[in-house]
Amino acid sequence: MLFSLIFQHDHREDALAADKVMIKKRKSCLLLENDSNKKKIRKMSKKMKCGPVVNDDSIVRLKRFITGEMYGLDMKLVIQKVLYESDMKKDQNRLNMPIKQLVTKPHEFLTDDEIRMVDKDGIEVRVVGSMMQMYARPLWLKKWPMKKSDNYVLKTNWNNFVVDNEGLKKETMIQVWAFRKDRQLCFAIVHVERTDAVNDAA
(Lines give C-alpha, C1' and ligand atoms only; values in the text may rest on other atoms or scores of the structure.)
Protein backbone atom coordinates (compact mmCIF):
# COMPACT_ATOMS: atom_id res chain seq x y z
CA MET A 1 0.00 0.00 0.00
CA LEU A 2 2.79 2.36 0.98
CA PHE A 3 4.72 1.47 -2.15
CA SER A 4 1.62 2.28 -4.24
CA LEU A 5 1.27 5.76 -2.63
CA ILE A 6 4.95 6.50 -3.19
CA PHE A 7 4.66 5.40 -6.82
CA GLN A 8 1.58 7.60 -7.38
CA HIS A 9 3.35 10.60 -5.77
CA ASP A 10 6.42 10.14 -7.94
CA HIS A 11 4.22 9.76 -11.01
CA ARG A 12 2.42 13.04 -10.24
CA GLU A 13 5.74 14.87 -9.80
CA ASP A 14 6.96 13.50 -13.11
CA ALA A 15 3.76 14.65 -14.79
CA LEU A 16 4.06 18.14 -13.26
CA ALA A 17 7.67 18.37 -14.36
CA ALA A 18 6.70 17.35 -17.90
CA ASP A 19 3.95 19.99 -17.92
CA LYS A 20 6.43 22.66 -16.84
CA VAL A 21 8.78 21.67 -19.65
CA MET A 22 5.93 21.87 -22.17
CA ILE A 23 4.91 25.33 -20.89
CA LYS A 24 8.48 26.59 -21.22
CA LYS A 25 8.68 25.22 -24.78
CA ARG A 26 5.41 26.93 -25.71
CA LYS A 27 6.59 30.24 -24.25
CA SER A 28 9.88 29.91 -26.13
CA CYS A 29 8.04 29.22 -29.41
CA LEU A 30 5.76 32.22 -28.88
CA LEU A 31 8.74 34.49 -28.19
CA LEU A 32 10.51 33.26 -31.34
CA GLU A 33 7.35 33.74 -33.38
CA ASN A 34 6.83 37.27 -32.05
CA ASP A 35 10.46 38.13 -32.72
CA SER A 36 10.18 36.77 -36.25
CA ASN A 37 7.03 38.82 -36.88
CA LYS A 38 8.73 41.97 -35.61
CA LYS A 39 11.67 41.36 -37.94
CA LYS A 40 9.29 40.90 -40.88
CA ILE A 41 7.52 44.14 -40.01
CA ARG A 42 10.84 45.99 -39.76
CA LYS A 43 11.93 44.52 -43.09
CA MET A 44 8.68 45.64 -44.73
CA SER A 45 9.13 49.08 -43.21
CA LYS A 46 12.50 49.48 -44.89
CA LYS A 47 11.15 48.42 -48.25
CA MET A 48 8.15 50.68 -48.74
CA LYS A 49 5.50 49.67 -51.20
CA CYS A 50 4.62 52.21 -53.87
CA GLY A 51 1.02 51.10 -54.23
CA PRO A 52 -1.17 52.03 -57.23
CA VAL A 53 -0.03 54.68 -59.70
CA VAL A 54 -0.87 58.14 -58.38
CA ASN A 55 -2.61 60.70 -60.58
CA ASP A 56 -2.89 63.75 -58.34
CA ASP A 57 -2.83 67.51 -59.00
CA SER A 58 0.95 67.60 -59.44
CA ILE A 59 0.72 65.08 -62.29
CA VAL A 60 -2.12 67.01 -63.92
CA ARG A 61 -0.02 70.20 -63.78
CA LEU A 62 3.04 68.35 -65.11
CA LYS A 63 1.16 66.94 -68.10
CA ARG A 64 -0.35 70.34 -68.85
CA PHE A 65 3.07 72.00 -68.67
CA ILE A 66 4.92 69.47 -70.85
CA THR A 67 2.29 69.01 -73.54
CA GLY A 68 0.82 72.52 -73.43
CA GLU A 69 3.69 74.91 -72.73
CA MET A 70 6.72 72.88 -73.82
CA TYR A 71 4.98 71.12 -76.71
CA GLY A 72 6.50 67.87 -75.48
CA LEU A 73 5.37 64.59 -76.99
CA ASP A 74 5.07 60.91 -76.11
CA MET A 75 4.89 61.24 -72.31
CA LYS A 76 5.34 57.89 -70.58
CA LEU A 77 5.59 57.01 -66.90
CA VAL A 78 8.95 55.34 -66.34
CA ILE A 79 8.75 54.58 -62.63
CA GLN A 80 6.94 55.43 -59.42
CA LYS A 81 9.15 54.91 -56.41
CA VAL A 82 9.98 55.98 -52.89
CA LEU A 83 13.19 57.94 -52.39
CA TYR A 84 15.47 55.87 -50.19
CA GLU A 85 18.47 56.95 -48.17
CA SER A 86 20.80 55.75 -50.93
CA ASP A 87 19.05 58.07 -53.41
CA MET A 88 19.73 61.03 -51.14
CA LYS A 89 23.37 60.35 -50.25
CA LYS A 90 25.55 63.14 -51.57
CA ASP A 91 28.52 60.84 -52.15
CA GLN A 92 26.44 58.70 -54.55
CA ASN A 93 24.88 61.57 -56.49
CA ARG A 94 22.34 59.47 -58.40
CA LEU A 95 18.70 58.44 -58.58
CA ASN A 96 18.34 54.67 -58.75
CA MET A 97 15.64 53.12 -60.96
CA PRO A 98 15.62 49.29 -60.86
CA ILE A 99 14.70 48.00 -64.31
CA LYS A 100 12.46 45.31 -62.77
CA GLN A 101 10.33 48.06 -61.23
CA LEU A 102 9.87 50.16 -64.37
CA VAL A 103 6.25 50.83 -65.33
CA THR A 104 7.22 51.26 -68.97
CA LYS A 105 9.69 48.89 -70.62
CA PRO A 106 12.98 50.45 -71.80
CA HIS A 107 12.31 49.91 -75.52
CA GLU A 108 9.01 51.78 -75.14
CA PHE A 109 10.64 55.08 -74.12
CA LEU A 110 14.17 54.62 -75.51
CA THR A 111 15.20 54.11 -79.12
CA ASP A 112 17.49 51.21 -80.04
CA ASP A 113 20.42 53.62 -80.40
CA GLU A 114 19.68 55.18 -77.02
CA ILE A 115 19.55 51.76 -75.36
CA ARG A 116 22.99 50.94 -76.74
CA MET A 117 24.37 54.29 -75.61
CA VAL A 118 22.85 53.99 -72.14
CA ASP A 119 24.27 50.48 -71.79
CA LYS A 120 27.75 51.68 -72.74
CA ASP A 121 28.62 55.24 -71.69
CA GLY A 122 25.26 56.84 -70.92
CA ILE A 123 23.52 59.79 -72.55
CA GLU A 124 22.96 63.38 -71.52
CA VAL A 125 19.33 64.26 -70.79
CA ARG A 126 17.43 67.32 -69.71
CA VAL A 127 15.03 67.11 -66.78
CA VAL A 128 11.93 69.02 -65.71
CA GLY A 129 11.51 69.43 -61.95
CA SER A 130 8.77 70.29 -59.48
CA MET A 131 9.15 74.00 -60.30
CA MET A 132 7.68 73.21 -63.73
CA GLN A 133 10.71 74.33 -65.69
CA MET A 134 13.55 72.64 -67.52
CA TYR A 135 16.47 72.28 -65.14
CA ALA A 136 19.47 74.32 -66.25
CA ARG A 137 22.01 71.55 -65.67
CA PRO A 138 21.85 68.30 -67.64
CA LEU A 139 21.85 64.87 -66.01
CA TRP A 140 23.13 61.57 -67.41
CA LEU A 141 21.11 58.41 -67.90
CA LYS A 142 23.26 55.31 -67.46
CA LYS A 143 22.70 51.58 -66.96
CA TRP A 144 24.39 50.04 -63.93
CA PRO A 145 24.59 46.23 -63.94
CA MET A 146 23.92 44.85 -60.45
CA LYS A 147 23.87 41.36 -58.92
CA LYS A 148 20.12 41.21 -58.25
CA SER A 149 18.81 43.61 -60.87
CA ASP A 150 20.19 45.95 -63.52
CA ASN A 151 19.39 49.56 -62.78
CA TYR A 152 19.02 52.77 -64.70
CA VAL A 153 20.42 55.76 -62.85
CA LEU A 154 20.10 59.50 -63.36
CA LYS A 155 23.44 60.85 -62.26
CA THR A 156 25.72 63.90 -62.53
CA ASN A 157 24.06 66.99 -61.05
CA TRP A 158 21.46 64.85 -59.24
CA ASN A 159 22.43 66.38 -55.88
CA ASN A 160 22.00 69.88 -57.32
CA PHE A 161 18.65 68.91 -58.81
CA VAL A 162 17.42 67.72 -55.40
CA VAL A 163 18.47 70.98 -53.72
CA ASP A 164 16.84 73.16 -56.38
CA ASN A 165 13.51 71.28 -56.51
CA GLU A 166 11.14 71.24 -53.55
CA GLY A 167 9.69 68.05 -52.14
CA LEU A 168 12.51 65.63 -52.98
CA LYS A 169 13.24 64.16 -49.57
CA LYS A 170 13.87 60.74 -48.08
CA GLU A 171 10.74 58.53 -47.95
CA THR A 172 8.74 60.74 -50.31
CA MET A 173 7.22 59.17 -53.39
CA ILE A 174 8.13 60.39 -56.85
CA GLN A 175 7.21 59.71 -60.43
CA VAL A 176 9.72 59.82 -63.27
CA TRP A 177 8.30 60.54 -66.73
CA ALA A 178 10.01 60.34 -70.11
CA PHE A 179 9.01 62.55 -73.03
CA ARG A 180 10.35 64.01 -76.25
CA LYS A 181 11.16 67.67 -76.89
CA ASP A 182 12.26 68.34 -80.47
CA ARG A 183 12.85 64.56 -80.71
CA GLN A 184 15.33 64.68 -77.83
CA LEU A 185 14.84 62.41 -74.81
CA CYS A 186 13.88 64.33 -71.67
CA PHE A 187 12.63 63.39 -68.22
CA ALA A 188 10.40 64.94 -65.60
CA ILE A 189 10.57 64.20 -61.88
CA VAL A 190 7.87 65.26 -59.42
CA HIS A 191 6.86 64.15 -55.94
CA VAL A 192 3.35 62.76 -55.44
CA GLU A 193 1.15 61.86 -52.48
CA ARG A 194 2.03 58.50 -50.96
CA THR A 195 -0.92 56.14 -51.15
CA ASP A 196 0.70 53.72 -48.68
CA ALA A 197 1.39 56.27 -45.95
CA VAL A 198 -1.40 54.95 -43.70
CA ASN A 199 -0.59 51.29 -44.22
CA ASP A 200 3.14 51.68 -43.71
CA ALA A 201 2.95 53.94 -40.68
CA ALA A 202 6.87 49.68 -44.59
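Our subject is the structure that appears above.
So, here's what we can say about the structure.

**Observations concerning the nonpolar core**
So, point 1. Core analysis: the biggest nonpolar cluster contains 28 residues, and Leu141, Phe187 and Ile189 have the highest contact counts within it.
So, point 2. Ranked by size, the runner-up nonpolar core spans 18 residues in total, among them Val82, Val128, Ala188 and Val190.

**Describing the pattern of salt bridges**
So, point 1. One pass over the full model with this rule turns up eight salt bridges.
So, point 2. Residue Lys170 pairs with Glu85 through a salt bridge whose shortest N-O separation is 3.9 Å. Of this pair, Lys170 sits in the loop between α6 (158–164) and β6 (173–181) while Glu85 sits in helix α3 (residues 85–88), and the two are 85 residues apart along the sequence.
So, point 3. A cluster of three or more residues bridged by salt bridges with shared partners is formed by Lys81, Asp87 and Arg94.

**Some details on the sheet that holds β6**
So, point 1. The strand order across the open sheet built from seven strands is β1-β6-β7-β3-β4-β5-β2, with neighbouring strands paired in mixed fashion. Each of the sheet's edge strands pairs with one partner strand only, and the pair in question is β1 (73–82) and β2 (94–98). Between one strand axis and the next, the sheet turns by 30° as a mean value, whatever way the strands run.
So, point 2. Bridge count for β1 against β6 is seven bridges, and the pairing is antiparallel. Residue pairing in the sheet places Leu77 in a bridge with Trp177 of β6.
So, point 3. Contacting β1, β3 (123–128), β6 and β7 (184–192), helix α2 (residues 57–69) crosses the sheet at an angle of about 160° to β7.
So, point 4. Relative to the sheet, helix α5 (residues 112–120) contacts β3, β4 (139–144), β5 (151–155), β6 and β7, its axis offset from that of β4 by approximately 80°.

**Comments concerning the pairing of β6**
So, point 1. A large share of β6 lies buried, amounting to eight of its nine residues.
So, point 2. In this sheet, β7 lies alongside β6 in antiparallel orientation, the contact comprising nine bridges. Paired with Ile174 across the bridge in β7 is His191.
So, point 3. From the end of β6 to the start of β7, which pair antiparallel, there are two residues, and Asp182 there has a positive phi angle of about 55°.

**Here's the deal with the layout of surface pockets**
So, point 1. Roughly 220 Å³ of internal volume is contained in the second largest pocket.
So, point 2. As for the second largest pocket, its lining consists of 13 residues, of which Glu114, Glu124, Val125, Gln184 and Leu185 are closest to the centre.
So, point 3. When contributions to the lining of the second largest pocket are tallied by element, the ones reaching two or more residues are α5, β3 and β7.
So, point 4. In terms of residue count, the dominant contributor to the lining of the second largest pocket is β3 (four residues).
So, point 5. Across the lining of the second largest pocket, the residue classes tally to six nonpolar, two polar and five charged.

**Some thoughts on unusual backbone geometry**
Most peptide bonds are trans, and most residues other than glycine sit at a negative phi.
So, point 1. Residue Thr156 is not a glycine yet carries a positive backbone phi of 65°.
So, point 2. Along the chain, the position of Thr156 falls in the loop between β5 and α6.
So, point 3. On the basis of relative accessible area, Thr156 is assigned to the partly exposed category, the value being 31%.
So, point 4. Positive phi, close to 75°, is recorded for Asn157, a residue that is not glycine.

**Some points on the packing of aromatic side chains**
So, point 1. The final tally for this structure, using the stated rule, is three aromatic pairs.
So, point 2. Measuring from centroid to centroid gives 5.8 Å for Trp158 and Phe161, while their planes differ by 20°, and the two rings are stacked. Taken together, the positions of Trp158 and Phe161, both in helix α6 and three residues apart, correspond to about one turn of that helix. With respect to class, Trp158 is no different from Phe161; both count as buried.
So, point 3. Among the aromatic residues, those joined into a cluster by ring pairs are Tyr135, Trp158 and Phe161.

Each value, and the rule that gives it
Residues numbered from 1 in each chain as written. Predicted model: local features only at pLDDT ≥ 70, side-chain atom pairs only at ≥ 80, totals over all residues. Heavy atoms only, no water. Core = buried A, V, L, I, M, F, W, Y, C linked by side-chain atoms within 4.5 Å. Buried < 20%, exposed > 50% of the residue type's maximum accessible area, 1.4 Å probe, protein only. Salt bridge = Lys/Arg side-chain N within 4 Å of Asp/Glu carboxyl O. Helix = DSSP H or I, 4+ residues; strand = E, 2+ residues; numbered from the N terminus. Pairing = 2+ DSSP bridges. Axes fitted to C-alpha atoms, helices over the stretch in contact; angles between N-to-C directions. Contact = heavy atoms within 4.5 Å. 1 Å grid on protein atoms, 1.4 Å probe; cavity = no way out; pocket = protein on both sides within 12 Å on 5 of 7 lines; lining within 4 Å. Points joined across faces, edges and corners; volume = space filled by probe spheres on them. Nonpolar A, V, L, I, M, F, W, Y, C, P; charged D, E, K, R; others polar. Phe/Tyr/Trp six-rings, centres within 6.5 Å; stacked < 30°, edge-to-face > 60°.

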